[in-house]
Amino acid sequence: MTDLCYDDVEEALRDSVRALLTTHAPWQRILARVDGGEAYDPALWARLVGELGVAGLPVPEEHGGAGVGFREVAVVLEELGRAVAPVPFLGSAVLATRALLACGETGLLGRLAAGRCVATLVVPFGTAPGARPDPVAVSTGPALTGRVAGVVDALPADVLLVPAGDGLYAVDARGPGVRRTPVVSLDVTRPLADVGFADAPARRIAAGASATEAVTDALTAGAALLASEQVGVAQRGLDLAVAHVRTRHQFGRPVGSFQAVKHRLADVWVAVSQSRAVARYAADCLATGDPDTALAASLAQAYCGTVATTAAEVCVQAHGGLGFTWEHPAHLLLKRARSAAVAFGAADRHRAVLADLADLPAPPPGAPRP
């Protein structure tokens, strides 16, 4: 079995990403951007791509990437989750890149790896692997017409990868017939958008089984790697909670010295440690092309989203009244955790997938939930 521990290269990458985010994306700056109505940070994205080359990590060297793998991508996502960084890494470096790798579209891959453009897969953010929503119609030309709701990272995208009919199409996001409408999103650091097409010119990059496989691969990669971001959110929530209860005094002693508080945080620590193992397994399966990748992705989303939400909630609770204020970063973690928990299929859906893979019979109608 592959060693799931972080190797020296992954730890060095983590240190570099964390250092850049600490300098250029402290939570105070993120809150200031949110207050100013700026959802994304293009300057931060340019630094991540230009200085660290994060967009090209999974892209082969012959196409301008680093040619490493998705384990390294998972490490970056942990740090982006920890910082709640407002950058389009998930949509561009994970969803779009994985789809392009699957269908062999090398021209766009090079542009994404070099940071010359941002792309995303135009499906609702809640779409689970294996599902194929098809609200977009194709006419001769080809041109696309239709509307897709709740697309992640559509606002900063230059290229939209659109499943339509029996194909996968590349569309200029700023071209004629394309409209992107921001929607009110729970996570203000990762807003969603409705994308509309009205006879929008498109270029087919895959057809038939190849297109279906590309979309499925992209959604599976999204589910598998989002777990690593959720681990980063959970760990940051736990770290903030522990730091606060160590210094906050009540009744003449640190809050963290009370047994109930210690037990609660110990439970979260155990859950976060377990979720890290689950997320690492999913990332490793994706990186090595393991046949259990789909199972690992569902396992990760069945567990890690709940852990991240719990850790963020405990962070808010541990801070008391301070944790409910806009000026504290706890709400950023909670909103990222809550919105990610329903991305690529909610936990219940993934538990059903796991049950099916394990040949577990469905409960009889009306049976109580465990």
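In short, a report on the structure. (Residues numbered from 1 in each chain as written. Predicted model: local features only at pLDDT ≥ 70, side-chain atom pairs only at ≥ 80, totals over all residues. Heavy atoms only, no water.)

### So, the nonpolar core
Part 1: Ranked by size, the top nonpolar core spans 96 residues in total, and within it Leu48, Phe89, Leu161 and Leu168 carry the most contacts.
Part 2: With 17 residues, helix α7 (residues 209–247) is the single largest residue contributor to this core.
Part 3: Here Leu48 is in contact with Val17, Leu20, Leu21, Gly53, Val54, Leu80 and Val87, once residues within four sequence places are set aside.
Part 4: Ranked by size, the runner-up nonpolar core spans 19 residues in total, among them Val136, Val151, Ala173 and Ala202. (Core = buried A, V, L, I, M, F, W, Y, C linked by side-chain atoms within 4.5 Å. Buried < 20%, exposed > 50% of the residue type's maximum accessible area, 1.4 Å probe, protein only. Helix = DSSP H or I, 4+ residues; strand = E, 2+ residues; numbered from the N terminus. Contact = heavy atoms within 4.5 Å.)

### Brief notes about the sheet that holds strand β8 (residues 203–207)
Part 1: Taking strand neighbours across the sheet as the criterion, the four strands line up as β1-β4-β5-β8 in an open arrangement whose pairing is mixed. Looking at strand neighbours, the two that pair on one side only are β1 (119–121) and β8, the edges of this open sheet. Averaged over all adjacent pairs, the angle separating strand axes in this sheet is 25 degrees, with direction ignored.
Part 2: α7 rests against β1, β4 (159–164), β5 (167–172) and β8 of the sheet, and its axis sits at about 90 degrees to β8. (Pairing = 2+ DSSP bridges. Axes fitted to C-alpha atoms, helices over the stretch in contact; angles between N-to-C directions.)

### Focus: the packing of aromatic side chains
Part 1: This model, assessed by the stated rule, comprises two aromatic pairs.
Part 2: Between Trp45 and Phe89, the ring centres sit 6.4 Å apart and the planes meet at 70 degrees, which makes this aromatic pair edge-to-face. Here the residue Trp45 occupies a position in helix α3 (residues 42–52), and Phe89 occupies one in helix α5 (residues 89–103), the gap between them amounting to 44 residues.
Part 3: Classification of Phe89 by relative accessible area gives buried; the value is 1%.
Part 4: The ring of Tyr6 is capped by Arg14, whose NZ or CZ atom sits 4.5 Å from the centre of that ring. (Phe/Tyr/Trp six-rings, centres within 6.5 Å; stacked < 30°, edge-to-face > 60°. Lys NZ or Arg CZ within 6 Å of the ring centre and 35° of its normal.)

### Points about the pattern of salt bridges
Any two side chains of opposite charge can pair, so long as their charged atoms come close to each other.
Part 1: As enumerated under the stated definition, the model contains 18 salt bridges in all.
Part 2: Residue Glu10 is joined to Arg71 by a salt bridge in which the shortest nitrogen-to-oxygen separation is 2.9 Å. Separated by 61 residues along the polypeptide, Glu10 in helix α1 (residues 8–24) and Arg71 in helix α4 (residues 70–83) bring together distant segments of the chain.
Part 3: Classification of Arg71 as buried rests on a relative accessible area of 11%.
Part 4: In this structure, the salt-bridge partner of Arg18 is Glu79, at a minimum N-O distance of 2.8 Å. Highlighted residues: Arg18 in helix α1 and Glu79 in helix α4, separated in sequence by 61 residues. (Salt bridge = Lys/Arg side-chain N within 4 Å of Asp/Glu carboxyl O.)

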